[in-house]
Amino acid sequence: MPTNNVPVSATTRKRVAQRASYICEYCLAQDEGSFIGFEVDHIFSRKHNGSNEESNLAYACPDCNRNKGTDIASIDWNNREIVRFFNPRTDIWAEHFRLSSGFIEPVTVIGKLTVDIFRFNDKVRLPDRGLF
Ligand SMILES: [Zn+2]
């Protein structure tokens, strides 16, 4: 049973959005012009007792937030190891991903699992990056 059922305050949501410059901190989609409002993601979800502290919050597009869900890690089947997702509070985006003709390519295992689980390169998402 999660202990954190307190909603993130409107003030905190606004600070998180401003800190991210209104860009999804996972896939870099821009909030401006999107039809669906972006969300504040708990990097370590409430299900895992993640806090409402700003150090545990990320600004996320609805696609990233939905695909991530309450997950915090996935499995690298090459090594049969559990690997955490990219953490925008402690990781540097360009160390885990690179943009290539609008596609987000992983550079690390953390990047690969994040790209796969968050489904960064789904066809329906590519028009937002000017593709197709
Ligand atoms: Zn995103």
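Thresholds, definitions, all that
- As a convention, each chain's residues are numbered from 1 in the sequence order in which they are written.
- It should be noted that, the model being predicted, local features are given only for residues of pLDDT at least 70 and side-chain atom pairs only at 80 or more, the latter also being counted only at that level, while totals for whole chains, interfaces and linings use all residues.
- Side-chain numbers here rest on the full set of heavy atoms in the structure, without hydrogens or water.
- Put simply, DSSP H or I for four residues or longer makes a helix, DSSP E for two residues or longer makes a strand, and each gets a number counted from the N terminus.
- In this scheme, a residue with accessible area under 20% of its type's maximum is buried, one over 50% is exposed, and one in between is partly exposed, where area comes from a 1.4 Å probe on protein chains only.
- Note on definitions: a residue-residue contact is assigned when non-hydrogen atoms from the two residues lie within 4.5 Å.
- Two N or O atoms form a polar contact when they lie within 3.5 Å of each other; inside protein one atom must be a possible hydrogen donor and the other a possible acceptor, and for residues adjacent in sequence the pair counts only when both atoms belong to side chains.

## Topic: the environment of Asp41
Along the chain, Asp41 turns up in strand E1 (residues 39-42). Residue classification places Asp41 among the buried positions, given a relative accessible area of 2%. Here the alpha-carbon distance between Asp41 and Asn56, two residues 15 residues apart in the chain, equals 8.2 Å. The residues touching Asp41, leaving out its near neighbours within four places in the chain, are Tyr26, Asn56, Leu57, Ala58, Ala60, Asn65 and Lys68. Among the polar contacts made by the side chain of Asp41, one reaches the side chain of Lys68 at a distance of 3.3 Å.

## A closer look at helix H4 (residues 109-118)
Residues Ile110, Gly111, Leu113, Thr114, Val115 and Phe118 constitute the buried set of H4. Buried residues along H4 sit against helix H2 (62-68), strand E3 (73-76), strand E4 (81-84), helix H3 (93-96), strand E5 (97-100) and strand E6 (103-106). Two residues or fewer past H4, Arg119 is found with a positive phi of approximately 55°.

In short, shape yes, function no, at least from these values alone.
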